[in-house]
Every structure is written in C-alpha cells, then in structure tokens.
Amino acid sequence: MTSFVPTSGVPVQLLGGRRWMAVVGSVGQPRDGDSAACFAMFDTGTREITYCRVPYDVEAAAARIRENGLPLWLADRLLLGR
C-alpha cells in the first residue's frame, strides 16, 4: 500500500489486476487545510479517477452555521480547512 496525493483535475490511471481504494474526502468539514469542496469522478471505460477541488462561498456557509445555532467550531473548521 502506498500514499498518493492527487492534483485536482488530473486523471490518474488505475492499472488492471490490482485492487484500489480511494479516499476522496467530502464537501464541507475539510481536514486537509483546503476549504474547497472535494469530490472524485471515476471513468469505468478508461479506468481513470479524477479528483476535483471546487471553491465555494465558505464565509456564507460558516455564517449559516452560526445563524442556525450550531456549534461555532463547525463554522471555524470550514474557514480553517481543519
């Protein structure tokens, strides 16, 4: 098993005859210091996975968290990407 940090928008070829596991993150509550939304696309025809990062209005999302009485640390986490 190895670790790999992908580049957003650059397809990664998954070689046949191997098992693959991709940890793709999620939209919101980031853990990697990047507040952009994270998702991945898998092309079954080419066997390529592409990780994507998409910026969004993090300030507005944090404000909505605060306005709705949720714990403040949830809003702070969005802003910090942690």
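Residues numbered from 1 in each chain as written. Predicted model: local features only at pLDDT ≥ 70, side-chain atom pairs only at ≥ 80, totals over all residues. Heavy atoms only, no water.

**Focus: the packing of helix α1 (residues 58–67) against helix α2 (residues 72–80)**
Two elements in contact, α1 and α2, have axes separated by 8 Å at closest approach and are oriented at 175°. Considered as vectors, α1 and α2 are oriented roughly antiparallel to each other. For the pair formed by α1 and α2, the contact residues are Val58, Glu59, Ala61, Ala62, Ile65 and Arg66 on the first element and Leu72, Leu74, Ala75, Asp76, Leu78 and Leu79 on the second. Residues belonging to the contact of α1 with α2 are distributed by class as follows: nine nonpolar, no polar and three charged. (Axes fitted to C-alpha atoms, helices over the stretch in contact; angles between N-to-C directions. Helix = DSSP H or I, 4+ residues; strand = E, 2+ residues; numbered from the N terminus. Parallel < 35°, antiparallel > 145°, perpendicular 65-115°, else oblique. Contact = heavy atoms within 4.5 Å. Nonpolar A, V, L, I, M, F, W, Y, C, P; charged D, E, K, R; others polar.)

**So, the nonpolar core**
Residues Val58, Ala62, Ile65, Leu74, Ala75 and Leu78 constitute the largest nonpolar core, which totals six residues. For this core, the secondary structure elements donating two or more residues are α1 and α2. For Val58, the residues in contact, after removing those within four places along its chain, are Ser35, Leu78 and Leu79. (Core = buried A, V, L, I, M, F, W, Y, C linked by side-chain atoms within 4.5 Å. Buried < 20%, exposed > 50% of the residue type's maximum accessible area, 1.4 Å probe, protein only.)

**With respect to the confidence of the model for the protein**
For the protein, per-residue confidence averages 86 on the pLDDT scale, and 91% of positions sit at 70 or higher. Of all helices and strands in the protein, the one with the weakest mean pLDDT is α2 (88), whereas α1 scores best (94). (pLDDT = per-residue confidence, 0-100.)

**Concerning unusual backbone geometry**
In this structure, Arg47 is a non-glycine residue whose phi angle is positive, near 55°. Positionally, Arg47 belongs in the loop between β2 (37–43) and β3 (48–54).

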